[in-house]
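# Structural description and commentary
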Amino acid sequence: MSSAHAPTIADGMVVSIHYTLTDDGGEVLDRSGDGPPFEYLHGSEGIVPGLERALAGHGVGESLSVTVPPEEAYGPHDPRGVARVPRDAFPEETEIGPGMQFAGEDEDGHEHVVSIVAVEEATVVVDRNHPLAGRTLLFEVTIAALRIATREEIAHKHAHGAHGHDHH
Ligand code: ZN
């Protein structure tokens, strides 16, 4: 099928993939969709470690089903991340309910997502774990393209899309 000299995924390559991410219950969590494939720089933690490791050595046109345990994805769920906060920590006009997610800041000023677990009378139970912490993730991946990263991409530790250089 592929020649022995066809390039395969290794550190320092920009990889384009189409993917569907489901949880172990079969619920679709994310997908690359019908648009251009998702691009990442291999070896720079652009994707979860378990998926990155599974893709290494594969080439364009290959499809993989990869099961990634929490330890190789977003980590185990830390029960210490669950806490009760006063209801008035949220703006009064904001409707809050279980399953909703809010962007917040921790004591160090790092942005993170807080998920609402339960709303009680005067308190709200929040979970500061990553929403996918503790979850086993299933990726259906097709490798769409592969190229050597530019020097600039290596320096920036991320892929620069076909539409130029957009940064956050
Ligand atoms: Zn850049």
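In this report, the structure presented in the accompanying data block is examined. Just so it is clear, the model here is predicted, and its values are computed rather than measured. (Residues numbered from 1 in each chain as written. Predicted model: local features only at pLDDT ≥ 70, side-chain atom pairs only at ≥ 80, totals over all residues. Heavy atoms only, no water.)

Turning our eyes to something else, we now look at the environment of P37. Following the sequence through the fold, P37 ends up in the loop between β2 (28-31) and β3 (38-41). The exposure class of P37 is partly exposed, given its relative accessible area of 29%. Along the primary structure P37 and A145 are separated by 108 residues, whereas in three dimensions their C-alpha atoms are 8.7 Å apart. P37 has contacts with S16, I17, H18 and A144, leaving out every residue within four places of it along the chain. (Helix = DSSP H or I, 4+ residues; strand = E, 2+ residues; numbered from the N terminus. Buried < 20%, exposed > 50% of the residue type's maximum accessible area, 1.4 Å probe, protein only. Contact = heavy atoms within 4.5 Å.)

Take the pairing of β2 next. Relative to β2, strand β1 (residues 13-23) is paired through three bridges, and the arrangement is antiparallel. Bridging from a neighbouring strand, L21 pairs with D30 of β2. The antiparallel pairing of β1 with β2 creates a hairpin that spans four residues between the two strands, and G26 there sits at a positive phi of about 90°. (Pairing = 2+ DSSP bridges.)

Moving on, we get to the sheet that holds strand β6 (residues 101-105). With antiparallel pairing, the four strands of this open sheet are ordered in space as β5-β8-β7-β6. Each end of this open sheet is capped by a strand with a single partner; those strands are β5 (82-86) and β6. Neighbour to neighbour, the strand axes of the sheet diverge by 45° on average, direction disregarded. The pairing of β6 with strand β7 (residues 111-119) spans five bridges and is classified as antiparallel. Bridged to G104 within β7 is H112. (Axes fitted to C-alpha atoms, helices over the stretch in contact; angles between N-to-C directions.)

Take the packing of aromatic side chains next. In this structure the tally under the stated criterion is three aromatic pairs. Between Y19 and F38, the aromatic rings sit 5.9 Å apart at their centres with planes inclined by 75°, giving edge-to-face as the arrangement. Taken together, the positions of Y19 in strand β1 and F38 in strand β3 put the pair 19 residues apart, joining distant regions of the chain. Classification of F38 as partly exposed rests on a relative accessible area of 33%. Taken together through their ring pairs, the aromatic side chains of Y19, F38 and Y40 make up a single cluster. (Phe/Tyr/Trp six-rings, centres within 6.5 Å; stacked < 30°, edge-to-face > 60°.)

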